[in-house]
Amino acid sequence: MSDRIRSLIRDIPDFPKPGIVFKDVTPLLADGPAFAEAVDALAGRYDGRGIDRVVAMEARGFILGAPLALRLGAGFVPVRKKGKLPHETIEETYALEYGQDTLQMHRDALIRGHRVLVVDDVLATGGTAAAVARLVRTLGAEIVECAFLMELDFLGGRAKLGDIPVHSLLRY
Ligand code: AMP
């Protein structure tokens with residue numbers, strides 16, 4: 001199963017800058033049955049786990065998070081870069097290789113006790129997912145797991161998430 005999905009993830013060397021190997025998921029998204037297989041593989045893991053909301057970060061997290069939410073009968077909550085969400089927000093700033101970035105979520109997106117699945121395409125250094133986890137916990141919701149299509153083991157993102165359970169369909 002995962003061999004087919006793995007074969008549809010394309011390495012783009014030196015994108016967006018020299019030294020980075022970008023994991024391009026567009027060939028996977030373009031293959032309907034393989035895309036469905038990837039979503040089904042993740043959904044199967046969380047069926048019956050009482051997920052209330054799928055929280056995903058722009059932009060590629062949305063592509064996986066929305067079908068996953070539908071499959072699980074859960075709601076979908078977008079996390080966006082600062083300045084994009086129209087209603088009252090909470091925010092978290094995290095360090096990038098150069099500089100920092102700020103992510104926002106609507107303040108009324110989650111309530112205390114909601115069981116949340118956090119979703120993104122790639123777990124790299126873990127800075128993004130850790131910031132999303134802080135947003136979720138600020139609102140008193142519970143993170144059941146962080147799920148990724150793939151994890152870049154050598155960047156140690158899993159450690160940055162501490163005690164939060166992490167699941168990745170593919171590991172590199
Ligand atoms: P990080 O905060 O370092 O874990 O980075 C995670 C975010 O950056 C995710 O939203 C990914 O989509 C993106 N990202 C980081 N590294 C890569 C990579 N090598 N290929 C594709 N996307 C990446």
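Everything quoted here is computed from the prediction, not taken from an experiment. Numbering of residues starts from 1 in each chain and follows the order in which that chain's sequence is written. Residues qualify for local features only when their pLDDT is at least 70, as the model is predicted, and side-chain atom pairs are given and counted only at 80 or more; totals for whole chains, interfaces and linings, by contrast, use all residues. For the side-chain quantities, the full set of heavy atoms in the structure was used; hydrogens and water were omitted.

Colleague: How should I be thinking about the nonpolar core in this particular structure?
Modeller: Definition of nonpolar core: a set of buried residues of the types Ala, Val, Leu, Ile, Met, Phe, Trp, Tyr and Cys, connected through side-chain atoms within 4.5 Å. Burial classification: accessible surface area is computed with a 1.4 Å probe over protein chains only, and a residue below 20% of its type maximum counts as buried, one above 50% as exposed, and the rest as partly exposed. One finds Ile51, Val54, Leu68, Leu72, Leu117 and Leu149 to be the most contacted residues of the largest nonpolar core, which totals 29 residues. Helical segments are the DSSP runs of H or I of at least four residues, strand segments are the runs of E of at least two, and each set is numbered from the N terminus. Listing elements by their share of this core, those giving two or more residues are helix H3 (32-46), strand S3 (53-57), helix H4 (60-72), strand S7 (115-123), strand S8 (142-151) and strand S9 (166-171). Counting residues per element, this core draws most heavily on H3, at six residues. If you look at the next biggest cluster of nonpolar residues, it comprises 28 residues, including Met105, Leu139, Ile143 and Val166.

Colleague: Can you walk me through the packing of aromatic side chains in this structure?
Modeller: Each aromatic ring pair is specified by the distance between its two centres and by the angle formed by the two planes. Aromatic rings from Phe, Tyr and Trp, with only the six-membered ring used for Trp, were paired whenever their centres fell within 6.5 Å, and each pair was classed as stacked if the ring planes differed by under 30 degrees, edge-to-face if by over 60, and tilted otherwise. The final tally for this structure, using the stated rule, is two aromatic pairs. Relative to Phe22, the ring of Phe15 lies with its centre 5.2 Å away and its plane at 85 degrees, an arrangement referred to as edge-to-face. Aromatic pair Phe62 and Phe76: ring centres 5.7 Å apart, planes at 85 degrees, arrangement edge-to-face. On the criterion of sequence distance, the pair formed by Phe62 in helix H4 and Phe76 in strand S4 (residues 75-81) is long-range, its members being 14 residues apart. By relative accessible area, which is 24% here, Phe62 ends up partly exposed. Taking the relative accessible area as the measure of exposure, Phe76 reaches 31% and is therefore partly exposed. We call a charge positioned over a ring when the NZ of a Lys or the CZ of an Arg lies within 6 Å of the ring centre and within 35 degrees of the ring normal. The ring of Tyr172 has Arg6 lying over it, and the distance from NZ or CZ to the ring centre is 4.8 Å.

Colleague: For this particular structure, what's the right way to read empty space enclosed by the protein?
Modeller: We place a 1 Å grid over just the protein atoms. Points where a 1.4 Å probe fits but has no way out form a cavity, open points with protein on both sides within 12 Å along at least 5 of 7 lines form a pocket, and any residue with an atom within 4 Å of a point lines it. Grid points are joined across faces, edges and corners, and a volume is the space filled by probe spheres set on the points. For the coordinates displayed, the defined rule picks out one cavity of 30 Å³ or more. The space that makes up the largest cavity amounts to roughly 40 Å³. Within the residue set of the lining of the largest cavity, elements represented by two or more residues are helix H2 (26-30) and H4. With three residues, H4 is the largest single contributor of residues to the lining of the largest cavity. We call Asp, Glu, Lys and Arg charged. Ala, Val, Leu, Ile, Met, Phe, Trp, Tyr, Cys and Pro are nonpolar, and the rest, Gly among them, are polar. A breakdown of the residues in the lining of the largest cavity according to their chemical character gives six nonpolar, no polar and two charged.

Colleague: It is not clear to me how the site of the ligand should be interpreted in this structure. Could you clarify?
Modeller: We call a residue near a molecule or strand as soon as one heavy atom of that residue lies within 4 Å of the molecule or strand. Taken together, 13 residues surround the ligand, and among them Arg60, Asp120, Asp121, Thr125 and Thr128 come closest. Asp121 is positioned with one of its side-chain polar atoms (N or O) 2.7 Å from an oxygen atom of the ligand. In isolation the ligand has 480 Å² of accessible area, and contact with the protein removes 81% of it. When atoms are counted within 2 Å of each cavity's grid points, the one that captures over half of the ligand is the largest pocket. Among the secondary structure elements, those contributing two or more residues to the shell around the ligand are strand S2 (21-24), S7 and helix H5 (127-138). A class-by-class count of the residues in the shell around the ligand yields five nonpolar, four polar and four charged. Here a polar contact is taken to be a pair of N or O atoms separated by no more than 3.5 Å, where protein atoms must pair a possible hydrogen donor with a possible acceptor and residues adjacent in sequence count only if both atoms sit in side chains. Per-residue accessibility takes into account occlusion by the displayed protein chains alone, with areas from the Shrake-Rupley method and a 1.4 Å probe. More than half of a molecule's atoms lying within 2 Å of a cavity's or pocket's grid points is what places that molecule inside it.

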